[in-house]
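As a plain string of letters, each chain reads:
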Amino acid sequence: MTRAEFLKNVIPFNVLPEEVLRGVADLFHEVRYVKDTVIYQQEVTKMKGIDVIVEGKYEAFFYDSSQARRLEEHHEPGFCYGGVSVLLNRKRSLRTVIAKKGTVVYFLPRKDFRALCNAYDEFFHHFTADFGRRMLNEEFAHFAKKPTSFEESYLASEQLYSRRIESIGYRDIVYCYPDTPIYKAAGIMADNKTSCMIIRSHEGVVEGFVTDITLRDKVIARRGDVNAPVIEVVDNPVVTISSQAFVYEAVLMMFSTKTKYLLVEDQGVYKGIISRNRLLSEQAQSPLVYVQSVKLAVSVEELRSKWQQVPQMITQLLGRGVNAEIINQIISTIADTIAQKVIEEVIKRVGEPPAKFVFMVLGSEGRKEQTLKTDQDNAIIYEDKANEQRELVRDYFLNFAKIVSEKLNYIGFSYCTGGFMASNPNWTHSLSHWKRNYESWMEESLPETVIKFSTFFDCRYIYGDKTIISELHQFLDEKLHEPMEKLFFHMANNAVQYEPPLTFFKNIRTITIGEQEVFDIKKAMTPIVDLVRLYCLRNRIFKTNTGERLKALKDIKVFSESEFHELNQSYYYLMAMRLKKQASQIIHDKALPENYIDPNSLTKIEQVTLKEIFRTIESFQSRLRREYTSNLFG
């Protein structure tokens with residue numbers, strides 16, 4: 001049997017095209033072991049490549065702290081070892097491996113293995129999926145997650161959050177025209193050894209892209225006409241990212257948009273294309289790889305387990321000095337991914353929706369500022385339907401929302417005590433009904449309706465048809481051109497109602513909870529959220545995240561550079577303190593997280609910093625009072 005014939009029956013090499021497999025076979029080297037030999041040591045040996053067993057056997061296991069073998073496995077011919085170690089374990093062997101006497105393996109160098117992973121998604125995902133399944137075993141997860149040294153972890157973190165896209169080697173873009181026959185497009189991809197090609201009009205406008213998977217699913221599997229123009233099978237949208245963006249932003253963008261490729265641009269000029277495989281293998285130590293394991297989860301129980309592991313991750317990130325703004329985004333991305341998985345599973349269960357819809361999240365989740373004390377804040381907007389279909393459509397979405405809400409509650413996103421959930425009939429409606437909601441809240445402008453408006457202004461799409469929420473934003477934009485002094489007055493009043501917890505002598509004011517003297521850090525942060533939201537409404541800025549809102553307000557000169565930094569640093573200092581407290585309660589106290597901080601538990605430096613932050617908040621509240629007194633009622 002030739003080497004290529006042997007590999008054809010080996011998972012995952014069997015997914016490669018036959019002509020590729022023949023070429024790959026020549027890259028392997030044959031290695032023989034004549035006696036029992038320790039060839040790889042757990043967390044010590046740097047993998048130079050991967051092995052495929054041809055004859056004999058591998059023994060693989062973990063050593064525990066007593067040097068006892070744990071989770072011993074015996075691997076027979078056809079088994080591939082080393083892929084997970086190379087991709088997801090810093091190139092270090094995940095386990096100790098002994099080759100038994102008479103073992104013969106085919107060895108593939110690391111650079112060639114990585115090239116296959118970059119070129120073929122299905123090949124790459126075999127290793128991430130296998131690792132994800134194994135991590136369901138509690139004992140395997142314990143040894144696999146054994147922490148590296150602090151220095152290694154810190155370095156990995158620094159690279160992730162400080163490296164820019166331009167520092168990663170992205171591929172040149174391969175183009176073809178919309179009228180190019182499908183078979184010719186596939187030939188261009190083959191000649192350029194690329195798995196993704198951009199479709200560009202004769203005028204230079206990007207109209208979509210095709211991948212190996214596109215051709216497989218839309219052409220080969222359906223026995224499509226390979227002479228048809230490639231524009232008939234393109235995928236959309238094409239997602240772009242600046243070459244100056246950070247690596248972590250690219251990974252988050254890929255997960256939120258579900259795209260596997262990003263078009264890299266520099267000042268409006270497309271420079272290259274980067275794949276998710278490339279980013280993930282570059283950043284295997286990153287907690288963002290964890291999001292991929294969430295996407296691979298196959299049950300609600302597994303999703304629940306994933307969410308329960310988040311506090312440990314947050315603690316590690318805070319310990320490495322990662323900014324709270326980034327940590328919020330990671331938590332929100334994980335929460336979004338879980339919600340999307342739940343929604344997809346429920347749709348499979350209850351059937352396809354009878355109308356286009358959008359599932360949106362509100363409040364802190366809508367602002368991408370979730371903490372570990374989180375409940376459900378969500379709503380559904382569906383397209384308007386004819387009278388005879390309205391009840392049918394409404395019944396479907398209320399039942400759908402009820403099941404989604406139950407599953408999210410089981411996973412760890414508790415029911416909202418205020419009832420701001422899609423399962424509440426008040427918050428699942430048609431687009432026209434939602435427009436009337438917003439219009440009445442703005443026109444009535446009572447304190448209670450302003451709270452509802454504020455909550456629902458912080459809304460963000462996570463699933464469904466984006467055009468629906470875009471139409472709602474367009475409607476709001478038009479309404480906000482009208483005079484809204486009463487609305488803004490009540491919103492300003494909300495922003496100044498809470499006084500930062502400072503005594504007359506500028507000490508931290510506390511309240512008594514149980515036997516402790518504490519302050520509520522969530523309430524301390526609320527004035528920043530409120531005043532930034534108000535300024536964005538006045539300027540019709542529809543960003544939802546407080547940090548992004550602050551940047552946008554700075555860009556239009558609402559805040560000076562120094563004011564921006566004061567508010568931004570204050571907000572995320574408080575956020576980091578809040579996250580740290582909640583993670584500690586979950587991990588060390590086995591208690592439900594809360595928002596109360598005992599000032600005596602803080603260092604002197606932390607106490608002084610808090611007092612400065614509270615004074616900053618007071619200063620901005622004073623500005624708000626002045627502006628609204630003179631501008632609104634002067």
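Higher on the page you've got the structure.
To start, this report covers the structure provided alongside it. (Residues numbered from 1 in each chain as written. Predicted model: local features only at pLDDT ≥ 70, side-chain atom pairs only at ≥ 80, totals over all residues. Heavy atoms only, no water.)

1. Topic: the overall build of the protein chain
Check the secondary structure of the protein chain and you find 25 helices and 21 strands. Whereas a compact globule of 634 residues would reach a radius of gyration of roughly 26 Å, the protein chain reaches 28 Å, a difference of no more than 12%. Taken over the C-alpha atoms alone, the protein chain extends approximately 90 × 65 × 45 Å along its principal axes. Buried positions account for 52% of the 634 residues belonging to the protein chain. When contacts within the protein chain are restricted to residue pairs at least 6 apart in sequence, those whose partners lie at least 24 apart make up 71%. For the protein chain, the exposed surface amounts to about 29,700 Å²; the carbon and sulfur share of it is 50%. Averaging the locations of the 83 positively and 83 negatively charged side chains of the protein chain gives two centres separated by 3 Å. (Helix = DSSP H or I, 4+ residues; strand = E, 2+ residues; numbered from the N terminus. Rg over C-alpha atoms; globule rule 2.2 N^0.38 Å. Buried < 20%, exposed > 50% of the residue type's maximum accessible area, 1.4 Å probe, protein only. Contact = heavy atoms within 4.5 Å. Areas by Shrake-Rupley, 256 points an atom, 1.4 Å probe, with all protein chains shown as cover. Lys, Arg positive; Asp, Glu negative; His and termini not counted. Charge placed at Lys NZ, Arg CZ, Asp CG, Glu CD.)

2. Details of the pairing of strand β11 (residues 206-211)
In the sheet, strand β10 (residues 196-200) pairs with β11 via five bridges, with the strands oriented antiparallel. Its bridge partner lying in β11, arginine 200 is registered against valine 206. Hairpin connection, β10 to β11: the antiparallel pair is bridged by five residues, and glycine 204 has positive phi, about 95 degrees. (Pairing = 2+ DSSP bridges.)

3. Notes on the sheet that holds β10
Spatially, β9-β10-β11 is the arrangement adopted by the three strands of the open sheet, whose pairing is mixed. Of all the strands in the sheet, the pair left with one neighbour each is β9 (175-176) and β11. One ladder, built from two bridges, connects β9 with β10; its direction is parallel. Of the residues in β10, the one forming a bridge with tyrosine 175 is isoleucine 198. Those strands touched by helix α8 (residues 182-192) are β9, β10 and β11, and its axis lies near 130 degrees from that of β10. (Axes fitted to C-alpha atoms, helices over the stretch in contact; angles between N-to-C directions.)

4. A word on the nonpolar core
Within the largest apolar cluster, 131 residues are counted, with the highest numbers of intra-cluster contacts made by Phe400 and Tyr438. At 13 residues, the largest contribution of residues to this core is made by helix α15 (residues 324-350). In this view, phenylalanine 400 contacts Ile343, Val346, Ile347, Val350, Phe357, Phe359 and Ile380; residues no more than four positions away in its chain are not counted. (Core = buried A, V, L, I, M, F, W, Y, C linked by side-chain atoms within 4.5 Å.)

5. Points about the pattern of salt bridges
Applying the stated criterion to the full structure yields 36 salt bridges. In this structure, aspartate 112 engages lysine 111 in a salt bridge whose closest nitrogen and oxygen atoms are separated by 3.4 Å. Classification of aspartate 112 by relative accessible area gives buried; the value is 14%. Here glutamate 563 and arginine 623 are joined by a salt bridge, their closest N and O atoms 3.1 Å apart. Linking glutamate 563 in helix α24 (residues 561-587) with arginine 623 in helix α25 (residues 604-631), this pair joins segments that are 60 residues apart in sequence. The class for glutamate 563 is partly exposed, based on a relative accessible area of 22%. Note on arginine 623: relative accessible area 13%, which makes it buried. Connected through salt bridges with shared partners, the residues Arg367, Glu369, Asp458, Asp530, Arg533 and Arg549 form a single ionic network. (Salt bridge = Lys/Arg side-chain N within 4 Å of Asp/Glu carboxyl O.)

Note that all results are geometric; they support no functional claim without further evidence.
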